[in-house]
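Working through the structure, step by step
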Amino acid sequence: PSQSDQDSLLEGVVRVGRAHQSISFWETLVHDQALRNAISRDHFEVRISGLGSSPGSGPRKATLYNHSSAGTWLNNDLIKESSVLRLSDRITLPRPKEAGPGEPIAEFKLVMALPPPQAPGND
């Protein structure tokens, strides 16, 4: 494949919401059914681009895209559209007002691993 095909294969999207993970995933993560129901079917996604880029050819970037009318918390900011992510950013699903004060429904943290090095001669 061409370099651009290889690059697009290495870009990724992670979608989070009740429609994207299994019911058992959400039951394990969020024990309260009312809180689980507050999670949008398509709550947010993280798009990672530039993973196939060779060093110096352009930045690797992760972007949070909110799809929920409730928004998605990024650190201490409520995101209604999108925001560029940094390593160790905290992405949290907001607790509905009617649930009263307390911890967010769920929390995710951005951690990125470097792709494995290519074997010599596989350029």
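Heads up: the structure comes first, above all this text.
The following paragraphs examine the structure supplied in this document.

Conventions adopted
- Residues numbered from 1 in each chain as written.
- Predicted model: local features only at pLDDT ≥ 70, side-chain atom pairs only at ≥ 80, totals over all residues.
- Heavy atoms only, no water.
- Phe/Tyr/Trp six-rings, centres within 6.5 Å; stacked < 30°, edge-to-face > 60°.
- Buried < 20%, exposed > 50% of the residue type's maximum accessible area, 1.4 Å probe, protein only.
- Helix = DSSP H or I, 4+ residues; strand = E, 2+ residues; numbered from the N terminus.
- Lys NZ or Arg CZ within 6 Å of the ring centre and 35° of its normal.
- Pairing = 2+ DSSP bridges.
- Axes fitted to C-alpha atoms, helices over the stretch in contact; angles between N-to-C directions.
- Lys, Arg positive; Asp, Glu negative; His and termini not counted.
- Salt bridge = Lys/Arg side-chain N within 4 Å of Asp/Glu carboxyl O.
- Polar contact = N/O pair within 3.5 Å; in protein donor to acceptor, adjacent residues only side chain to side chain.
- Contact = heavy atoms within 4.5 Å.

1. Focus on the packing of aromatic side chains
All told, the structure shown has 2 aromatic pairs when counted by the stated rule. With 4.9 Å between their ring centres and 85° between their planes, Phe 25 and Trp 26 make a pair best called edge-to-face. Among the residues examined, Trp 26 registers a relative accessible area of 3% and is labelled buried. Relative to Phe 108, the ring of Phe 44 lies with its centre 5.8 Å away and its plane at 70°, an arrangement referred to as edge-to-face. Residue Phe 44 is found in strand E2 (residues 44–49), and its partner Phe 108 is found in strand E8 (residues 106–109); the two are separated by 64 residues along the sequence. The aromatic ring of Tyr 65 is capped on one face by Arg 47, whose charged end is 4.0 Å from the ring centroid.

2. Topic: the sheet that holds strand E6 (residues 82–84)
The 4 strands lie next to each other as E1-E2-E3-E6, forming an open sheet whose pairing is antiparallel. The two strands at the open ends of the sheet, each matched to only one other strand, are strand E1 (12–16) and E6. Neighbour to neighbour, the strand axes of the sheet diverge by 15° on average, direction disregarded. Sheet topology places strand E3 (residues 61–66) next to E6; 3 bridges connect them, and they run antiparallel. Considered in E6, the bridge of Tyr 65 is made with Ser 82.

3. Side note on the pairing of E2
Examined bridge by bridge, E1 and E2 share 5 bridges and lie antiparallel to one another. Looking at E2, one finds that Val 13 is bridged to Arg 47. In terms of strand pairing, E2 meets E3 through 6 bridges, oriented antiparallel. Looking at E3, one finds that Glu 45 is bridged to Tyr 65.

4. Some details on the side chain of Arg 36
Inspection of the secondary structure puts Arg 36 in helix H3 (residues 33–37). For the buried Arg 36, which has no salt bridge, the nearest side chain bearing the opposite charge is Glu 27, at an N-O separation of 4.5 Å. Only 3.1 Å separates the side chain of Arg 36 from the backbone oxygen of His 31, close enough to count as a polar contact. Ignoring any residue separated from it by four or fewer positions in sequence, one finds Arg 36 in contact with Arg 18, Trp 26, Glu 27, Val 30 and His 31.

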